Amino acid sequence: MNNADYALEAKGLSREFGGFFAVRSVDFRLARGSIHAVIGPNGAGKTTLFNLLTKYLAPSAGAILHDGEDVTPLAMAQMAQRGVVRSFQISAVFSGLSVRQNLELALLRPAGIAWNLLGLVSRRPEVAERANALMHQFGLVEYADALAGNLPYGRKRVLELATTLSLEPKVLLLDEPMAGLGREDIGRITDLIRAAGKGRTLLLVEHNMKVVAELAERITVMVRGEILAEGSYQEVSSRSDVMAAYTGQTGAGAAHG
Ligand SMILES: Nc1ncnc2c1ncn2[C@@H]1O[C@H](COP(=O)(O)OP(=O)(O)OP(=O)(O)O)[C@@H](O)[C@H]1O
């Protein structure tokens, strides 16, 4: 693989908070078209790495490449313009708007149309049609006219995913998409994420190992700010140092097992 085969790359990436390295000299590659998960025990640095890759945080050292180009100085919005989009945090779901309106608004956003001009939708049938298609795809038809704020929690997360995907990102980054969800919603969102992964690159930070095993072709295990292991679910889950990290038996010296 040459550099451009990687949708995102981190080289020597570090982030320090007052002398403490949450992420330390991480080299990471996200292969184009793959579904890749970052796992690790609490405090391992997963969210910090995610925030660095999505430009929510600036690195203390190191570089980030997108499609082989150095994007280290770029802001999150510039990454979004390049098709690198994070959910769920930045996906704007407006609780006072209906599901349909939220989707229409999300579809209008790239066109730079202000949300108080939502009435324009009626003159843009292609937007209404696309919103309908998204509602079908995401199982939201029965909630079309419900206010987003009144949706059951799991459906709200589905709507967030739908609004994010309406941007047609090439690279989608999800931070703990299953957090706070019950089993039925987890099953539904796992299926939606799998479908969303077709034709795009997907990175997720996720604690739910069943979901990781089901979705991710490649898994990076972080411990204490560093990468401990990388490979398929079978590969990483059979390593004793990975198991030890999860049961809290790892010392700093075990980090490169
Ligand atoms: N803004 C910050 N200021 C100080 N320390 C921070 C900050 N953000 C993260 N840290 C520290 O960096 C370490 C890694 O945190 P991070 O949230 O990246 O881990 P994580 O693997 O995502 O953990 P979890 O699974 O619990 O969410 C932790 O020790 C955390 O306390």
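Reading the values: the criteria
- Residues numbered from 1 in each chain as written.
- Predicted model: local features only at pLDDT ≥ 70, side-chain atom pairs only at ≥ 80, totals over all residues.
- Pairing = 2+ DSSP bridges.
- Helix = DSSP H or I, 4+ residues; strand = E, 2+ residues; numbered from the N terminus.
- Buried ≥ 20, exposed ≤ 12 C-beta atoms within 10 Å, placed from the backbone.
- pLDDT = per-residue confidence, 0-100.
- Contact = placed C-beta atoms within 7 Å.

A.B. asks: Please provide a residue-by-residue account of the sheet that holds strand 1 (residues 6-17), values included.
C.D. replies: Taken in spatial order, the four strands of this open sheet run 2-1-4-5, and their pairing is antiparallel. Of all the strands in the sheet, the pair left with one neighbour each is strand 2 (20-31) and strand 5 (69-70).

A.B. asks: So what's going on with unusual backbone geometry? Which residues, and what values?
C.D. replies: Phi at K55 takes a positive value of approximately 70°, unusual for a residue other than glycine. Within the secondary structure, K55 sits in the loop between helix 1 (46-53) and strand 4 (61-66). Its 22 C-beta neighbours within 10 Å are what place K55 among the buried residues.

A.B. asks: Tell me about the pairing of strand 3 (residues 35-39), and name the residues and values.
C.D. replies: Sheet faces and side chains relate simply in a regular strand, where the side chains alternate between the two faces. Among the five residues in strand 3, five count as buried, and that is most of the element. Residues of strand 3 alternate between two faces, with I35, A37 and I39 on one and H36 and V38 on the opposite face, all of them buried. Where strand 3 lies against strand 8 (residues 201-205), four bridges are found, and the strand directions are parallel. From the neighbouring strand, V38 faces strand 8, where its bridge partner is V205. Across four bridges, strand 3 lies against strand 9 (residues 218-223) in parallel orientation. Pairing of A37 across the sheet is with I219, part of strand 9.

A.B. asks: Describe the pairing of strand 1, with residues and values.
C.D. replies: Taken together, the eight bridges between strand 1 and strand 2 define a ladder with antiparallel strand orientation. Within strand 2, the residue paired with Y6 across the bridge is A31. Where strand 1 folds back on strand 2, the antiparallel hairpin that results is connected by two residues, among which G18 adopts a positive phi of roughly 50°. Here five bridges tie strand 1 to strand 4, and the two strands are oriented antiparallel to one another. Bridge pairing links A10 to I64 in strand 4.

A.B. asks: Can you tell me about the confidence of the model for the protein, naming the residues and giving the values?
C.D. replies: Low pLDDT marks regions whose predicted coordinates should not be analysed in detail. When the pLDDT values of the protein are averaged, the result is 88; 88% of them are 70 or greater. In the predicted structure, residues 250-257 sits below a pLDDT of 50 and forms 14 contacts with residues beyond four places in sequence or in another chain. Both confidence scores are given for the complex: pTM 0.88, ipTM 0.97.

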